[in-house]
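Chain by chain, the residues run as shown.
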Amino acid sequence: MNVLASPPTRPLPEKRPPGLRWALGGAAIVAVLAVAVALWWPRSTVVAVYRQPAGVVYADNVRHVAVLRHVRAPIAALQSSGAAASRENHYVLVLGSDPSGGYGHPVRLDAGTGTDAERLTVEWSPAGATVTYGSGHRLFVPAASFTGGR
């Protein structure tokens, strides 16, 4: 007697919703891009804070500071001009009332150009602030540039 044997049963493959593979691939690409941006995003650290002396008073009656921040911006290296190194590694002196240096009047100092940014001195006067670089160069910032919420 010839009996037809039923074929062995195999488990059916898991059905995935259409487009799930595309969604997972897209999420992986977004995650890789997010990590890359986070690694290349500019970072800054406070190097020094120069406080306005008590004897100097400005019209806004606010205590001011000059905050020297070292900025590392690796993403700037992707730009194609020859000055990428100074965009990637520079200092910013921010004069204003924010002690973190996050807001105020910025003065950019390129690293490695002989300014010796980490040896700055700031002299406060009623007219403004005089910044003297380690190289001896001087820059005057009028009080109107950093007072009154600027």
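Here's what I pulled together on the structure shown here. (Residues numbered from 1 in each chain as written. Predicted model: local features only at pLDDT ≥ 70, side-chain atom pairs only at ≥ 80, totals over all residues. Heavy atoms only, no water.)

## A closer look at the overall build of the protein
Counting its regular elements, the protein contains two helices and seven strands. Secondary structure elements of the protein, listed N to C terminal, follow the sequence α-β-β-α-β-β-β-β-β. Residue burial in the protein is summarised as follows: out of 150 residues, 28% are buried. Long-range pairs, those at least 24 residues apart, make up 44% of the contacts in the protein with a sequence separation of at least 6. Just so you have it, the protein exposes about 10200 Å², and 62% of that area is on carbon and sulfur atoms. (Helix = DSSP H or I, 4+ residues; strand = E, 2+ residues; numbered from the N terminus. Buried < 20%, exposed > 50% of the residue type's maximum accessible area, 1.4 Å probe, protein only. Contact = heavy atoms within 4.5 Å. Areas by Shrake-Rupley, 256 points an atom, 1.4 Å probe, with all protein chains shown as cover.)

## A word on the nonpolar core
Residues Y50, L68, L93, L95, L120, W124 and F146 are the most contacted members of the largest nonpolar core, which totals 20 residues. Elements with a minimum of two residues in this core: β1 (43-51), β2 (65-72), β3 (89-96), β4 (105-110), β5 (121-125) and β6 (128-132). Top element by residues in this core is β3. It accounts for three residues. Residues contacting Y50, with those up to four places away along its chain left out, are H64, V65, A66, L68, L93, L120, V122 and W124. (Core = buried A, V, L, I, M, F, W, Y, C linked by side-chain atoms within 4.5 Å.)

## Details of the pairing of β3
Across the eight residues that make up β3, a large majority, seven, are buried. Of the strand pairs in this sheet, β2 and β3 are connected by eight bridges, and their pairing is antiparallel. Following the sheet pairing, H70 is matched in β3 by Y91. Across six bridges, β3 lies against β4 in antiparallel orientation. Its bridge partner lying in β4, H90 is registered against D110. (Pairing = 2+ DSSP bridges.)

## Quick word on the sheet that holds strand β7 (residues 138-142)
Across a sheet, strands are paired by hydrogen bonds formed along the backbone, either parallel or antiparallel in direction. Taken in spatial order, the three strands make up an open sheet running β5-β6-β7, and their pairing is antiparallel. The sheet is open, and its two borders are formed by β5 and β7, each paired with just one other strand. Strand-to-strand, the axes of this sheet are offset by a mean angle of 20°, without reference to chain direction. Pairing between β6 and β7: five bridges, direction antiparallel. Note that in β7 the partner of T132 across the bridge is R138. (Axes fitted to C-alpha atoms, helices over the stretch in contact; angles between N-to-C directions.)

## Remarks on the environment of Y91
If you trace the backbone, Y91 turns up in strand β3. Taking the C-alpha atoms as reference points, Y91 and H70, 21 residues apart in sequence, are found 4.5 Å from one another.

## Points about the sheet that holds β4
With antiparallel pairing, four strands are arranged side by side in an open sheet as β1-β2-β3-β4. Lying at the two open borders of the sheet, with one neighbouring strand each, are β1 and β4. Ignoring which end each strand starts from, the neighbouring axes of this sheet average 25° apart.

## Re the packing of aromatic side chains
Summed over the entire model, instances satisfying the criterion amount to two aromatic pairs. Look at W124 and F146: their rings are 5.7 Å apart centre to centre, the planes differ by 85°, and that puts the pair in the edge-to-face class. Linking W124 in strand β5 with F146 in the segment after β7, this pair joins segments that are 22 residues apart in sequence. (Phe/Tyr/Trp six-rings, centres within 6.5 Å; stacked < 30°, edge-to-face > 60°.)

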